[in-house]
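Residues per chain are reported as follows:
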Amino acid sequence: MQAIVQDRYGSPGVLQTRDIAKPQIADNEVLVHVHAASVHLGDLILMTGTPYLMRMATGLSKPKIRVPGTDVAGTVEAVGKDVERLRPGDQVFGWCTGAFAEYARAPEDHFVKKPASLTFEQAAAVGVSATTALQLVRDEGHVQPGQKVLINGASGGVGTFAVQIAKAFGAEVTGVCSTNNVELVRSIGADHVIDYTREDFTRSATRYDFILDNVGNHSMAKTRRALSPTGMLLSNGGGHQGGKLGRVIKAAIVSMFVRQQGRPSVKTQNPADLQVLKELVEAGKLTPVIDGTYPLRATPEAIGHVGQGHARGTVVIALIGAAA
Ligand SMILES: NC(=O)c1ccc[n+]([C@@H]2O[C@H](COP(=O)([O-])OP(=O)(O)OC[C@H]3O[C@@H](n4cnc5c(N)ncnc54)[C@H](OP(=O)(O)O)[C@@H]3O)[C@@H](O)[C@H]2O)c1
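All of these numbers come straight from a predicted model, not from anything done at the bench. (Residues numbered from 1 in each chain as written. Predicted model: local features only at pLDDT ≥ 70, side-chain atom pairs only at ≥ 80, totals over all residues. Heavy atoms only, no water.)

### Examining the sheet that holds strand β9 (residues 172-177)
Counted only if it meets this: A pair of strands is treated as paired once DSSP finds two or more bridges between them. Each helix is a run of H or I in the DSSP string that is no shorter than four residues. Each strand is a run of E no shorter than two, and both are numbered from the N terminus. Axis definition: a line fit to C-alpha positions, over the contact stretch in the case of helices; interaxial angles, taken between N-to-C directions, run 0 to 180 degrees. Here a residue-residue contact requires only that any non-hydrogen atoms of the pair lie within 4.5 Å.
Spatially, the 5 strands line up as an open sheet ordered β10-β9-β8-β11-β12, and their pairing is parallel. Every interior strand has two partners, whereas the edge strands, β10 (192-195) and β12 (227-235), have only one. Adjacent strand axes in the sheet meet at a mean angle of 15°, parallel and antiparallel pairs treated alike. Note that strand β8 (residues 148-152) and β9 share 5 bridges and pair parallel. Of the residues in β9, the one forming a bridge with N152 is V176. Contacting β8, β9 and β11 (208-213), helix α5 (residues 157-168) crosses the sheet at an angle of about 170° to β8.

Spelled out as structure tokens, the structure:
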């Protein structure tokens, strides 16, 4: 099968399209014929091997995982003998290792059936970024109906999900983005949109109960001034160019002394949250925003684009229906 293979860390050129063997499944696993996969900042971190600290998990001198990609949608091709819920032919989405390939495998509980309302490209986009947004808004922001929520970086991978999820939880949502994305952020449900090229939200008179900062372009102290007395700031920055790890560490230290600063944490995908996201989609409360689709061989360009920090929603790799 065709797959993106990575032997070393570096620039997009380290990702090569090669013919490799189809994955073999274990008894509890499902083999998925990949229709689409999506790109998130974790793919950039795995490609570059930066911040270097991340190599403790991904492999010190070279990546432990040779085929990158985690977020996936496709058709079940085969199932192991202990698989109970899924059958060949089922259309599914979820997460795996090695999504940037024609076939991928993972345990059965990493997948749920794809809602009929979503294309494979949209379903593949409901991955790490959506899970991160859900966990930040629900578990850390504890967002309640009527609260004022501000999402900085509202037009990106995490932001487009966070705006919709905060709305689904009944919040009054303000999204911050650049001029080009004002209409997009409004269209996904934001009650108010601030164009950061014209207005600095940290200087506005409005006070927010929860600020999710996906960007880190203002100091944390300045950003906290836009909070209500009981409000909380979550600084979710850190991924682009691997250069913002210092900010995450600072946020972790400040959170020990300052009540309004939330503690950063790494978000992980899990079956329960995948189900919650599926239900939000089925209820018409969550629709992935697709920045664009790339064929498999253009995965390096797709990851490079995400690395520029101006994606509009989620970047998708389309394998079926595109020249893979
Ligand atoms: N904790 C975790 O486990 C976890 C998981 C996933 C991601 N993250 C972190 O979440 C952050 C966001 O990730 P992402 O995937 O959403 O990134 P992304 O898709 O690249 O989006 C970044 C967004 O930031 C916006 N932006 C750039 N400069 C801005 C500014 N000055 N003011 C306001 N918005 C600005 C861009 O919009 P414009 O084009 O309009 O400028 C873009 O939409 C990253 O730092 C990443 O590391 C954390």
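### As for the pairing of β11
Quick reminder of the rule: Here's how the labels work: a residue is buried when its accessible area is under 20% of the maximum for its type, exposed when over 50%, partly exposed in between, all with a 1.4 Å probe on protein chains only.
With 5 of its 6 residues buried, β11 lies for the most part within the structure. Looking at chain direction, β8 and β11 are connected through 4 bridges and run parallel. The partner of N152 across the bridge, within β11, is D213. As defined by bridge partners, β11 adjoins β12 across 5 bridges and the pair is classed as parallel. When the sheet's bridge partners are listed, L212 is paired in β12 with L234.

Without other data, these values stay purely geometric and don't point to any function.
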